[in-house]
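Structural features, examined
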Amino acid sequence: MAEFRVPATDDNSVILTNDEASCSKKFAVSLGYWKDPYIKCMCKQSQIRKTPEISRGYFGRVFVIRSLVEQFVKAHSRNCQIVSVGAGYDTLYWNLSASGLSPQKYVEVDFPSVTRIKTTIIHSKEEQLLKALGNDVEVLPSRVGCCSSSYSLLPADLRNLQHLDTQLKLPSVGLDLNVPTLFLAECVLMYMPEKECDSLLSYFSQTFTNSHFISYDVINMSDRFAEVMKSNMGSRRCTLYTDDCSTAQAQRDRFSRNGWATSVVENMESLYQLIDSSERSRVEKIEMLDEVHLLSELMVHYCICLATNTDNLLLSFHNLTTTIGG
């Protein structure tokens, strides 16, 4: 009989990181770090206090990504598409809609167990969520997702490209392979082995003719702080695959070998300093940091990578403006 080996990464453990992220955002929003009237719908747990470093780190992540997404939508006058992979309980679609900045198509993809719960949340008592989807919402079989003319929530394992391709090309989803498309992946690629990650990035660059990518990922993974991060996640059965995100050059190489013409990378410590000083001042008055160096350590080990398969890297880190302020 073949020996049974427990996989290094357990899908359910990775899924739990989504639950934790939603509740961390809910807590930060409750303190006024930024506005998000929809996050409370996605996290029903009682309020669990987070450290100021965690809340400020989430603020930086949300502010920068929201700014970049708004850049993309405005540059195309909303005539574009967004595909968020590993979307979890993210609320970006609803916040963009409320701001009049929703693209013509917004698609979210995640494990079926996640999309089933999110579908239930959308169709339960959360009228504000369902209303934003329009009047033509179609629930997928087994309530594992839903589609409307503007929004789709699709169940798929990103490691199974054949199934992912089938889902994205469903007529009810309505994606156009030639329309400018932004792919968004937050804390997704770092949980994928190199071969599977390469296949996913190559699939997107080859399938969609005008593609742009925003990836929020770990970086600088060769020092002592990084070793502790990897050990902590490993103890939770979440392996961080860090060879392709150990440095900025490794991040760029990962995109270039998979059909992306141009890419740039900045760590979150640098990006936080690019946020308007008045906004940073407002946020820094919400809570005093117990350990300033800890926030710096956290931010320098996370980054955002921008990439495109066209000759124009449309997005820029030097135009970070949005209206999410608390």
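Throughout this description, residue numbers start from 1 for each chain and increase along the sequence as written. Local features in this predicted model are restricted to residues of pLDDT 70 or higher, and side-chain atom pairs are both shown and tallied only at a pLDDT of 80 or more, whereas totals for entire chains, interfaces and linings draw on every residue. To get the side-chain values, all heavy atoms of the structure are used, and hydrogens and water are removed first.

Structural notes on the overall build of the chain
Numbering of helices and strands runs from the N terminus; a helix is a DSSP stretch of H or I covering at least four residues, while a strand is a stretch of E covering at least two. The secondary structure content of the chain amounts to 13 helices and 9 strands. Its C-alpha radius of gyration of 19 Å places the chain within 12% of the 20 Å reference for a compact globule of 326 residues. Projected onto its principal axes, the C-alpha coordinates of the chain cover approximately 50 × 50 × 45 Å. Per-residue burial for the chain yields a buried fraction of 55% across its 326 residues. The quantity called the radius of gyration is restricted to C-alpha atoms. Its globule counterpart is 2.2 Å times the number of residues to the power 0.38. Only protein chains enter the accessibility calculation, which uses a 1.4 Å probe; a residue whose area is less than 20% of its type maximum is buried, one above 50% is exposed, and one in between is partly exposed.

A short note on the state of the cysteines
Criterion for a disulfide: a pair of cysteine sulfur atoms within 2.5 Å. Taken as a whole and assessed by the stated rule, the structure comprises 1 disulfide. Bridging Cys23 to Cys43, the disulfide has an S-S length of 2.1 Å. Between Cys23 and Cys43, the S-S dihedral sits near 95°, and the bridge is therefore right-handed. Of this pair, Cys23 sits in helix H1 (residues 11-31) while Cys43 sits in the loop between helix H2 (39-42) and helix H3 (52-75), and the two are 20 residues apart along the sequence. Accessibility classification places Cys23 together with Cys43 in one group, the buried group. Cys303 forms no disulfide, and the closest cysteine sulfur to it belongs to Cys305, at a distance of 6.7 Å.

With respect to the pattern of salt bridges
A carboxyl oxygen of Asp or Glu within 4 Å of a side-chain nitrogen of Lys or Arg is what we treat as a salt bridge. Per the counting criterion, the structure on display carries 14 salt bridges. Arg257 serves as the salt-bridge partner of Glu194, at 3.7 Å between the closest nitrogen and oxygen. With Glu194 in helix H8 (residues 194-207) and Arg257 in the loop between helix H10 (248-256) and strand E8 (262-267), this residue pair connects regions lying 63 residues apart in the sequence. Owing to a relative accessible area of 42%, Glu194 belongs among the partly exposed residues under this scheme. Using a relative accessible area of 40% as the deciding quantity, one classes Arg257 as partly exposed. Among the salt bridges present, the one from Asp198 reaches Arg257, with a minimum N-O distance of 3.0 Å.

Looking at empty space enclosed by the protein
Cavities and pockets were defined on a 1 Å grid built from protein atoms only: a cavity is a group of points that admits a 1.4 Å probe but offers it no way out, a pocket is an open group of points flanked by protein on both sides within 12 Å along at least five of seven lines, and a lining residue is one with an atom within 4 Å of any such point. Grid points are joined across faces, edges and corners, and a volume is the space filled by probe spheres set on the points. Considering all chains together, one arrives at 2 cavities of 30 Å³ or more under this definition. Here the largest cavity is characterised by a volume of approximately 190 Å³. If you go around the largest cavity, you meet 14 residues; those closest to its centre are Lys25, Val62, Asp90, Thr91 and Leu92. Of all the secondary structure elements, the ones that give two or more residues to the lining of the largest cavity are H3 and helix H4 (92-98). Ranked by the residues each element gives to the lining of the largest cavity, the list is headed by H3, at 4 residues.

As for H1
Helix span, as expected, comes to 1.5 Å for every residue beyond the first. With 21 residues, H1 should reach 30 Å at 1.5 Å per residue; the first-to-last C-alpha distance of 31 Å fits that figure. The opening residue of H1, the one whose side-chain oxygen lies 3.2 Å from the backbone nitrogen of Asn12, is Asp10. Trailing H1 by a residue or two, Gly32 shows a phi angle of about 95°, which is positive. Polar contacts, as used here, are pairs of N or O atoms within 3.5 Å; protein pairs need one atom able to donate a hydrogen and one able to accept it. Residues neighboring in sequence count only if both atoms are side-chain atoms.

Thoughts on the pairing of strand E9 (residues 302-308)
For E9, a buried count of 7 out of 7 residues is recorded, marking the element as mostly surrounded by other parts of the structure. Where burial is concerned, the two faces of E9 agree: the one with Tyr302, Ile304, Leu306 and Thr308 and the one with Cys303, Cys305 and Ala307 are both buried. Here the rule is simple: two strands pair whenever DSSP picks up at least two bridges between them. Where strand E7 (residues 211-218) and E9 come together, 7 bridges link them in antiparallel fashion. Considered in E9, the bridge of Val218 is made with Tyr302. Across 6 bridges, the pairing between E8 and E9 is antiparallel. Note that in E9 the partner of Val264 across the bridge is Leu306.

A short note on the packing of aromatic side chains
Under the pairing criterion, centres of Phe, Tyr and Trp rings, with the six-membered ring standing for Trp, must be within 6.5 Å; the plane angle then separates stacked pairs below 30 degrees from edge-to-face pairs above 60, leaving the rest tilted. All told, the structure shown has 14 aromatic pairs when counted by the stated rule. With a centroid separation of 5.3 Å and 55° between ring planes, the pair formed by Trp94 and Tyr151 is classed as tilted. Of this pair, Trp94 sits in helix H4 while Tyr151 sits in strand E5 (residues 151-155), placing them 57 residues apart in sequence. Residue class for Tyr151 comes out buried when judged on its relative accessible area of 1%. Between Phe183 and Phe208, the aromatic rings sit 5.1 Å apart at their centres with planes inclined by 80°, giving edge-to-face as the arrangement. Of this pair, Phe183 sits in strand E6 (residues 181-186) while Phe208 sits in the loop between H8 and E7, and the two are 25 residues apart along the sequence.

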